[in-house]
Amino acid sequence: MNAFSETIGFVPLYAVLGGLLTIPWSPGLIRRTGPRPTGYINLLMSLIALGHTVLALREVWSAPLHFSIQWLHAANLDIAFEIEASATTVGALVVILALNALTQIYAIAYLEMDWGWARFYALLAVFEAGMCALMLANSLFFSYVMLEILTLGTYLLIGFWFNQSLVVTGARDGFLTKRVGDLVLLMGVVALYPLAGTWNYDELTVWASTVELDPTVATLLGLALLAGPLGKCAQFPLQLWLDEAMEGPMPATVLRNAVVVSTGAWVLIKMQPILALSPTVVTTEIAVGAFTAVSCAAIALAQVDIKRVFSYATSSYLGIVFVAVGTGQGDAALLLLLTYAIATALVLMSVGGIILNNITQDITQLGGLWSRRPISGICYVIGALSLVALPPFGCFWGLADIANGLSPLLLTLLALVNGLTACSLARVFAQVFTGPVTDWTKRSPEGLWALVLPMTILLGMALHLPQTLSVLGLLPNWNIVVEPTSLLLIGSTIVGGAIGWFLYTSTAISKPIILPVPAIQDFFAYDFYTAQLYKVTAIAIVAFVAKAIDWCDRILVDGAVNLVGLFTLASGESLKYNTSGQTQFYALSILIGTIIFGLLLSYPLLLSFLN
């Protein structure tokens, strides 16, 4: 009996239950305990969900299950909640729930004295429920619904500290930017149903393998569906929202950068058979991914805010995933997403404790923390090594597998991105953990146990992940290490890391490093002036259209309505004086009206007579 796999659909409900149980503490109905029980309740729910999922994974490893729950049937519209419980989907649930549980432990220390404890854990429950339901959903329609739930959760968590102006601005900009992609994605989802007659991913794959669509229709449909993942994964030109999202609490940043943004890539992989119907869409997918990967890796090097360094690194890695999916390497993309999630969570947790204790995110103000925070330093090193192409650490296997399927140009770009990322990671380590102690880091001990425990658990996961995946048969053969493409990636890691280490540890080079042409440095530091470009293009166009509509509404529409009103008022006022009560006056009015009406009727006859 497969009791756990057959009830896998209840896994998202554990998080929903945890979120509902925070209600008594959210408005302060229960005051004597404070809001801390909400954290423990949600952590317990996450651990129960994790245990359920691990047991279900054993059952579905070789025998996947599919469920269908009828939701709506009207006329020609049939919507069902399709559930797929396979090794891939349930394995993704294990990763999400494990990272969510560790993040909740981390948040116990990070937000220990925060007044919004209950609200924060309720929003983490929204994240968890949305991601779990998305992993299980085998329907594009319900995948879109879950993505919208995650968008709402992202907006609320970015704006968690809503008494700060930058936080409010960041939440608003992040929400509106993602809504652009969501709106276009919805158009594609709605347009797809009449063509395919289904939203089920398996049925869509079969349909895409046999259908012959008009090239224009296939291109427009594919571009609409592609817009959603572009926004969710913070790809060009919708990448700025992830930078704005850094205004939220660090535990939320850990979850968002590690797994939430990857949900867009998950949906992208599911939709790839449809996107592949148009070569134009595939080319756009690869081009956008490659440009985002290279540009964001370069932009990360020019940032001094440590959280923004990793926000651009996230966009860069997801750009690589776009390239992999566009070149038909979906399995390699999934492998990269798995290893990236654990490595990124480890790196962000290690620097999050430093931000908490030192009250600064500016890496130029930090230094000398290796002797004061050795656990954080070791966790950062392992996380950084797991992010770049260096065997036997995690991301090497996905990057090497992807490299084997790329053209020479894309392979060169991948090596460049990997080298820039290695340089950026080495730069952060050198500025934070090495060098002299600064006024900001004189007192910087390791954090509370709740900060250190999840880091050390993730450290063990990052170190043992390649071995675990190898035992499960999910890694490429070890011979891939000596492939020319792999050697190129390893070389770019060594060169990039060495350059970053030398530049920021050498006493012969003055700090901060200023390029000979400051304009170039500013160009990267301000994200290619993308925000300014938005102001003079999209924002200016929208503002002009809004002003034009406002003018039409005030002058034309309101003017016509006011004119009718004035005419009616004037007519009524004039008729008021004609009401005298004298019968002969009424008779005269009727006579005049009859004469005018008769003249109007006889006007055509008079014209014909005169002609």
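The rules behind the values
The numbering scheme is per chain: residues are counted from 1 as the chain's sequence reads. Note on the predicted model: pLDDT of at least 70 is required for a residue's local features to be given, and 80 or more for side-chain atom pairs to be given and counted; whole-chain, interface and lining totals, by contrast, use all residues. As a rule here, side-chain values come from all non-hydrogen atoms in the structure, and water together with hydrogens is ignored. Only runs of H or I of at least four residues qualify as helices and only runs of E of at least two qualify as strands under DSSP, and these elements are numbered from the N terminus. Only protein chains enter the calculation, and the probe is 1.4 Å; a residue is then buried if its accessible area is under 20% of its type maximum, exposed if over 50%, and partly exposed in between. By definition in these notes, contact holds between two residues if any of their heavy atoms fall within 4.5 Å. Accessible areas in this description were obtained via Shrake-Rupley with a 1.4 Å probe; residue shielding takes into account the shown protein chains only. Neither His nor the chain termini are counted; the positive set is Lys and Arg, and the negative set is Asp and Glu. For this purpose, a charge sits on NZ of Lys, CZ of Arg, CG of Asp or CD of Glu. Centres within 6.5 Å are what make two rings of Phe, Tyr or Trp a pair, Trp counting through its six-membered ring; a difference in plane orientation under 30 degrees is then read as stacked, over 60 as edge-to-face, and the rest as tilted.

By the naming in an unreviewed UniProt entry, the chain goes by NAD(P)H-quinone oxidoreductase subunit F and is assigned to Roseofilum casamattae BLCC-M143.

Engineer: Hey, could you run me through the overall build of the chain in this one?
Structural biologist: Secondary structure summary: the chain contains 24 helices and two strands in total. Here the C-alpha coordinates of the chain stretch approximately 110 × 60 × 60 Å along the principal axes. For the chain, buried positions account for 51% of its 611 residues. The long-range share in the chain, meaning contacts at least 24 apart out of those at least 6 apart in sequence, stands at 80%. Working note: accessible area of the chain is about 27,800 Å², and carbon and sulfur atoms make up 71% of it. Side-chain charges of the chain comprise 23 positive and 32 negative groups, with the mean position of each set lying 15 Å from the other.

Engineer: Can you walk me through the packing of aromatic side chains in this structure?
Structural biologist: By convention here, two paired aromatic rings are described through the distance between centres and the angle between planes. If you walk through the whole model with that rule in mind, you get 22 aromatic pairs. Between Phe141 and Phe142 the ring centres are 5.2 Å apart and the planes differ by 85°, which places this aromatic pair in the edge-to-face class. As far as burial versus exposure is concerned, Phe141 and Phe142 are alike and both buried. For the ring pair Tyr380 and Phe433, a centre distance of 5.8 Å and an interplane angle of 45° mean the geometry is tilted. Separated by 53 residues along the polypeptide, Tyr380 in helix H16 (residues 374-387) and Phe433 in helix H18 (residues 408-433) bring together distant segments of the chain. The class of Phe433 is buried, set by a relative accessible area of 3%.

Engineer: What is the right way to look at the side chain of Thr314 in this model?
Structural biologist: Secondary-structure assignment places Thr314 in helix H14 (residues 306-326). Since its relative accessible area comes to 1%, Thr314 is described here as buried. Those residues in contact with Thr314 that lie beyond four places of it in its chain are Leu242, Asn257, Val261 and Tyr340.

Engineer: Please clarify how unusual backbone geometry should be interpreted in this entry.
Structural biologist: Going from Phe236 to Pro237, the amide bond is cis rather than trans, its omega being 5°. Mapped onto the fold, Pro237 is located in the loop between helix H9 (215-232) and helix H10 (240-244). The omega torsion across Pro391 and Pro392 is 5°, close enough to zero to call that bond cis. Along the chain, Pro392 turns up in the loop between H16 and helix H17 (394-403).

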